[in-house]
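Residue strings, one per chain:
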Amino acid sequence: MKVLIASKNDGKIKEIKSTIDLRVDFLTYQDVSNWPQVRETGQTFQENALIKAHTLASKYNIAVLSDDSGLEVDALDGKPGVYSSRYVGARATDKRNVEKLLKDLHRYIYLEKRSARFRCVAIYFDPKKNIELTAEGKVEGSIGFEPVGENGFGYDPVFIPKGYNATMAQLSLSEKNAISHRGKALKKMKKLLQQKVST
Ligand code: IMP
């Protein structure tokens, strides 16, 4: 079974491949030509995950696994949310996004006031069989005061999962997958694929 991963984020691709360890031949953006620029115009993670899955499935006529995810910070009324990857705008990089987040939270000097969560919605869509599956996950935590750790991507260096004394970027890939929003969503998706699709 061939499944195209709807992401150009190598960090995500790594996490997806290591969690969905089924007999699936995963393809990535490196295996197909003319990867489209998908405009994430949805207002929710679910809408954006659907846009990515359907755009790529109709372009390549193949089953697609998409995920849309992001960070919600309570003190910022849920921002950056669906704008997590482009929090600073068009010239966003992980480093700039993290810098802006720390700046926006500078007034909040107690960790308890810096509560946040990562959310993820994963969608599997097979255009030939018209099968669509959805799975969600979240992880609660708080935003630290400076980046720490080398692993992961995005906001991992400043996200301290609840009950941990370390950032997500200090965890190994398997430790992160065990507790993360994406790990949880993908484990649910793995079960759904085993039940509903021959893998
Ligand atoms: P997406 O590719 O549109 O889903 O954007 C997700 C963005 O949310 C990423 O670019 C990161 O900024 C952030 N994000 C999502 N998941 C994670 C994670 O596991 N660790 C750190 N940042 C994440």
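The rules behind each value
Residues numbered from 1 in each chain as written. Predicted model: local features only at pLDDT ≥ 70, side-chain atom pairs only at ≥ 80, totals over all residues. Heavy atoms only, no water. Helix = DSSP H or I, 4+ residues; strand = E, 2+ residues; numbered from the N terminus. Rg over C-alpha atoms; globule rule 2.2 N^0.38 Å. Buried < 20%, exposed > 50% of the residue type's maximum accessible area, 1.4 Å probe, protein only. Contact = heavy atoms within 4.5 Å. Areas by Shrake-Rupley, 256 points an atom, 1.4 Å probe, with all protein chains shown as cover. Near = heavy atom within 4 Å. Polar contact = N/O pair within 3.5 Å; in protein donor to acceptor, adjacent residues only side chain to side chain. Pairing = 2+ DSSP bridges. Right-handed = clockwise from strand over helix to strand, strands pointing away. Expected span 1.5 Å × (residues − 1). Salt bridge = Lys/Arg side-chain N within 4 Å of Asp/Glu carboxyl O. Core = buried A, V, L, I, M, F, W, Y, C linked by side-chain atoms within 4.5 Å.

## What to know about the overall build of the protein
Consideration 1: Summing up its helical and strand segments, the protein has 5 helices and 7 strands in all.
Consideration 2: Listing every helix and strand of the protein by position from the N terminus yields β-α-β-α-β-β-α-β-β-β-α-α.
Consideration 3: A compact globule built from 199 residues would reach a C-alpha radius of gyration of about 16 Å, and the protein, at 17 Å, matches this within 12%.
Consideration 4: Seen along its three principal axes, the alpha-carbon backbone of the protein occupies a region of about 50 × 30 × 25 Å.
Consideration 5: Looking at the 199 residues of the protein, the share that counts as buried comes to 48%.
Consideration 6: Sequence-distant contacts in the protein: of pairs separated by 6 or more residues, those separated by 24 or more amount to 60%.
Consideration 7: Total accessible area on the protein is roughly 10,400 Å²; 48% of this is exposed by carbon and sulfur atoms.

## Observations concerning the site of the ligand
Consideration 1: Close contacts around the ligand come from 16 residues, with Lys12, Glu40, Asp156, Lys176 and Arg182 the closest.
Consideration 2: Take Tyr155: an N or O atom from its main chain is 3.1 Å from a nitrogen atom of the ligand.
Consideration 3: Within the side chain of His181, an N or O atom sits 3.0 Å from a nitrogen atom of the ligand.
Consideration 4: In the complex, the protein chains occlude 94% of the 490 Å² of accessible area that the ligand would expose alone.
Consideration 5: Those elements giving two or more residues to the shell around the ligand turn out to be strand S3 (63–73) and helix H5 (181–196).
Consideration 6: Broken down by element, the shell around the ligand gets its largest block of residues, 3 residues, from S3.

## So, the pairing of strand S1 (residues 2–5)
Residues in a regular strand project their side chains so that they alternate between the two faces of the sheet.
Consideration 1: In this structure, S1 lies alongside strand S2 (residues 25–27), joined through 3 bridges in parallel fashion. Bridging across to S2, Leu4 finds its partner in Leu27.
Consideration 2: Chirality of the crossover, the property in question, places the unit of S1, helix H1 (residues 10–19) and S2 among those that are right-handed.
Consideration 3: Judged from the 3 bridges that link them, S1 and S3 form a sheet pairing that is parallel. Looking at the pairing, Val3 lines up with Ala63 of S3.

## Regarding helix H2 (residues 45–60)
Consideration 1: In a regular helix each residue adds 1.5 Å, so 16 residues correspond to 22 Å; H2 covers 23 Å between its end C-alpha atoms and thus fits that length.
Consideration 2: After H2 finishes, the residue Asn61 shows a positive phi value of roughly 50 degrees.

## Here's the deal with the pattern of salt bridges
Consideration 1: All told, the structure shown has 16 salt bridges when counted by the stated rule.
Consideration 2: Its salt-bridge partner being Asp67, residue Lys12 comes within 2.6 Å of it at the nearest N-O pair. Linking Lys12 in helix H1 with Asp67 in strand S3, this pair joins segments that are 55 residues apart in sequence.
Consideration 3: We classify Lys12 as buried; its relative accessible area is 8%.
Consideration 4: Salt-bridge contacts for Lys176 lead to Glu15; the nearest nitrogen and oxygen are separated by 2.8 Å. Of the two residues, Lys176 is situated in helix H4 (residues 173–179) and Glu15 in helix H1; the sequence distance between them amounts to 161 residues. Accessibility assignment for this pair places Lys176 and Glu15 in one class, buried.
Consideration 5: When salt bridges with common partners are traced through the structure, they connect Lys12, Glu15, Asp67, Asp156, Lys176 and Arg182 into a single cluster.

## Concerning the nonpolar core
Consideration 1: Counting residues in each nonpolar core, the largest one holds 21 residues, and the members touching the most others are Val3, Ile20, Phe26, Leu65, Tyr124, Met189 and Leu193.
Consideration 2: Within the residue set of this core, elements represented by two or more residues are S1, H1, S3, strand S5 (115–126), strand S6 (131–143) and H5.
Consideration 3: When residues of this core are assigned to their parent elements, the largest contribution, 4 residues, is made by H5.
Consideration 4: Apart from residues lying up to four places away in sequence, Leu65 is in contact with Val3, Leu4, Ile5, Ala6, Ile16, Ile20, Phe26, Ile123, Tyr124, Leu186 and Met189.

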